[in-house]
Amino acid sequence: MSAPTRITWRDRLRYRFENTLSRGTIAIIGWLALISLSIVLLAAVVLALLGVGADPGDPGSRLGLVEGGWQSLMRTLDPGTMSGDEGWTLRIMMLLVTLGGIFIVSMLIGTITSGLESRLGELRKGRSRVVESNHTLILGWSSKVFSIIGELIIANENQKNPRIVILADRDKVEMEDDIRAKLPNTKNTRVICRSGDPLDMDDLAVVDPHAARSIIVLAPATDNPDIHVIKSVLAITNNPHRRESSYHIVAEIREPHNLEAAHLVGGDEAVFVQGSDLIARVTAQTCRQSGLSVVYTELLDFDGAEIYFTEAAGLGGRTYREALSSYEDSAVIGVMRTHGKVLINPPMNTILARNDKIIAISEDDDTLIQSTSPPPKPDASAIADKEKAEASPERTLILGWNDKTTAVIRELDNYVAPGSEITVVRRADIGNSTGDSDWKTLAAELQRQRLQVIEGDIASRAMLDAVQVAQYHHIIVMSYSQLPIQEADAQTLISLLHLRNIAEASGKPLNIVSEMMDLRNRALAQVARADDFIVSDSLVSLMLSQLSENKHLDRVFRQLFSAEGSEVYIRPASDYVLPGRPVDFYTVIEAAARRGETAIGYRLVAHSNDPGRGFGVTVNPTKSQRVGFSEHDKIIVLAED
């Protein structure tokens, strides 16, 4: 083993010099400045000692230490100033100073340029800390981010300096360009993007989740997205620098078996939206009621009427039935008790307490105002006294297959009458993991339906003619989510066009609900005149946006989208009021209340194909406005069944 080499003073100087250079641009500029100063001082000392003057023939023009330093500095910065020098001693000294200046200034410019490029590169990476508070934080990136930002922009229109901050494992500039392309006008909302891993606590610190008003966690497009979501929530709730107050977290979960672990991590601070379950429930409800998807979209988006909470102090001691008519411009749908229990369409004789909160549909939170004058008396003579019709067996046809289909079938079993039938037509060659034994197990679970599965191409006219689609009460077209999005929607569009042609040929209207993957394809699909469209990503995005503004809405939506309790129903107007007789909505509310139901709107069939009029759907109408309903018009109510 050789003896260690002795460390010399040159080694020590070189080591320290390299350490200072590793500190970056500022250190290099400092060294250049020091070298420049050394040259200037050296030249000034030499000029002073030699007694060199600006004019060799004039002894009074000799340069002192200060003046010599100034002249040397000027020649370091500007080589052109030496052209007027006289005397070879001065010229030679200034030439040496100028040459040194040329090299130093060149190095300085290069260093500054390199430093600026490096700094711009750092800014492009989006690593600077966000100095915001009370902002909405979005963790992760998916196709849903554009819908969420769009909804939050609308919700923030009446807010002061609203901010949306996004942290995702993407390039900052690319995110900003994509958002700008989809949403060129963000109005008064500023969108701030940062690059980083939502699972990394150091990256999380950049966007300051502890100062955020609400946090939305998106499921990434990976094989196990729920793991990323759960870890992201864990990085917030178990952060060593977490805040004392509770967080308001809304997260997306794909698989239902991961919900239990997610709730353990999030506790009371997080609300989880299980997208496939939500879509299955909405699809099952919508297929039986034409126009229901329009009602749900109206309730879930921020462009129009939404659900708000307000203090019930002015209604303390009064009944829920009295509260229904207490708001001219808002539709009461329930009450939230002091301890947090939500009652949607409770019994009409429910007594309200002063500390309760009224749950109502309104244009905005500042329009939810109790009327100062008593409501007008309903027109009792215009109220119809019809008994509820007995439910009869239904036939449902499902065209296509994805991982939500079994959930739709199970959910339908909660609504249809005993003796109903359901037929599924699917392609066996598209990633279908459900075998015959699974179908038999599902069929055995159904209480009210008989299940039949047929293999075939849903885009084939011959296949649709073979199953006699006109004989079914309801038709659901499910997207093949295993295919690329545009290819899946193309299959759906072809099926819808065939169904429209069959309906025209048979002269029998078909009740069709279609699932679309891309919101942009909905406009194309409207040529097929399907009754309802359910856009998967859009629906989940709307839910996440609503819950990010008010987490108490989770309790409301769980009831509305569940088979237990009250849900939204669209029923014939003739069941409530006499056809052709103009009535105000106070009368409709009274007619529904007599049946234990809460009226929240209506649908005029004459406008059912007009997207400009909301396909005929009006939610939360002005109660004093009089409307004459025809035999085919509908009333939208909340009811038990």
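Just so you know, these numbers come straight off a predicted model, no measurement behind them.

Conventions used here
- Residues numbered from 1 in each chain as written.
- Predicted model: local features only at pLDDT ≥ 70, side-chain atom pairs only at ≥ 80, totals over all residues.
- Heavy atoms only, no water.
- Phe/Tyr/Trp six-rings, centres within 6.5 Å; stacked < 30°, edge-to-face > 60°.
- Buried < 20%, exposed > 50% of the residue type's maximum accessible area, 1.4 Å probe, protein only.
- Lys NZ or Arg CZ within 6 Å of the ring centre and 35° of its normal.
- Helix = DSSP H or I, 4+ residues; strand = E, 2+ residues; numbered from the N terminus.
- Pairing = 2+ DSSP bridges.
- Right-handed = clockwise from strand over helix to strand, strands pointing away.
- 1 Å grid on protein atoms, 1.4 Å probe; cavity = no way out; pocket = protein on both sides within 12 Å on 5 of 7 lines; lining within 4 Å.
- Points joined across faces, edges and corners; volume = space filled by probe spheres on them.
- Nonpolar A, V, L, I, M, F, W, Y, C, P; charged D, E, K, R; others polar.
- Patch = residues over 30% accessible without salt bridge, like charges linked within 9 Å, V, L, I, M, F, W, Y side chains within 5 Å.
- Areas by Shrake-Rupley, 256 points an atom, 1.4 Å probe, with all protein chains shown as cover.
- Salt bridge = Lys/Arg side-chain N within 4 Å of Asp/Glu carboxyl O.
- Lys, Arg positive; Asp, Glu negative; His and termini not counted.
- Charge placed at Lys NZ, Arg CZ, Asp CG, Glu CD.
- Contact = heavy atoms within 4.5 Å.
- Axes fitted to C-alpha atoms, helices over the stretch in contact; angles between N-to-C directions.
- Parallel < 35°, antiparallel > 145°, perpendicular 65-115°, else oblique.
- Left-handed = near helix turned anticlockwise from the far one by under 90°.
- Core = buried A, V, L, I, M, F, W, Y, C linked by side-chain atoms within 4.5 Å.

A. Spatial organisation of the packing of aromatic side chains. Tallied over the entire structure, the rule returns six aromatic pairs. Here the aromatic rings of Trp141 and Phe146 are separated by 5.6 Å at their centres, their planes lie at 90°, and the arrangement is edge-to-face. As far as the burial class goes, Trp141 and Phe146 line up, both buried. When the ring of Phe557 is compared with that of Phe561, the centres are 6.0 Å apart and the planes differ by 25°; the resulting orientation is stacked. The same class applies to Phe557 and to Phe561, which are both buried. Aromatic ring contacts, followed pair by pair, group Tyr296, Phe557 and Phe561 into a single cluster. Here the guanidinium or amino end of Lys182 rests over the ring plane of Phe146, the centre of that ring lying 5.6 Å away. Here Arg395 stacks its cationic end above the ring of Tyr472, 4.3 Å away from the centre of that ring.

B. Expanded view of the pairing of strand β5 (residues 249-253). Where burial is concerned, most of β5 is hidden: five out of the five residues are buried. Here β5 shows no split at all, with Ile249, Ala251 and Ile253 on one side and Val250 and Glu252 on the other all buried. The pairing of strand β4 (residues 214-217) with β5 spans three bridges and is parallel. Residue pairing across strands places Val217 opposite Ala251, the latter belonging to β5. Where the polypeptide runs from β4 across helix α8 (residues 225-237) and back to β5, its parallel neighbour, the crossover connection is right-handed. With five bridges joining them, β5 and strand β6 (residues 270-274) adopt parallel strand pairing. Its bridge partner lying in β6, Val250 is registered against Val271. A crossover connection joins β5 to the parallel β6 through helix α9 (residues 259-266); in handedness this β-α-β unit is right-handed.

C. Summary view of empty space enclosed by the protein. Throughout the structure, instances matching the rule amount to two cavities of 30 Å³ or more. The space that makes up the largest cavity amounts to roughly 50 Å³. Every residue along the wall of the largest cavity is listed here: Val583, Asp584, Phe585, Val588, Tyr602, Pro621, Thr622, Gln625, Val627 and Phe629. Of the residues belonging to the lining of the largest cavity, the class tally is seven nonpolar, two polar and one charged.

D. Up close: a negative patch on the surface. A cluster of acidic residues, Asp169, Asp197, Asp200 and Asp202, forms a negative patch at the surface. Locating Asp202 in the fold gives a position in helix α7 (residues 201-207).

E. The arrangement of the environment of Leu442 in detail. Within the secondary structure layout, Leu442 lies in helix α14 (residues 436-445). Between the C-alpha atoms of Leu442 and Arg410, which are 32 residues apart in sequence, the distance is 8.2 Å. Other than its neighbours up to four places away in sequence, Leu442 contacts Thr406, Ile409, Arg410 and Leu451.

F. Layout of the packing of helix α10 (residues 275-286) against helix α13 (residues 405-412). Packing of α10 against α13 leaves a shortest axis separation of 8 Å and a crossing angle of 50°. With respect to their mutual orientation, α10 and α13 come out oblique. The crossing of α10 and α13 is right-handed. In contact with Ala280, Arg281, Thr283 and Ala284 of α10, α13 contributes Ala407, Val408, Glu411 and Leu412.

G. Representation of the nonpolar core in the model. Of all hydrophobic cores here, the largest spans 102 residues; its most connected members are Ile166, Ile307, Ile475 and Leu499. If near-sequence neighbours (up to four positions away) are discounted, Ile307 is found in contact with Leu299, Ile333, Ile359, Ala360, Ile361, Leu553, Val556, Phe557 and Leu560. Counting residues in each nonpolar core, the second largest holds 36 residues, with Ala323, Leu324, Leu368 and Phe629 among its members.

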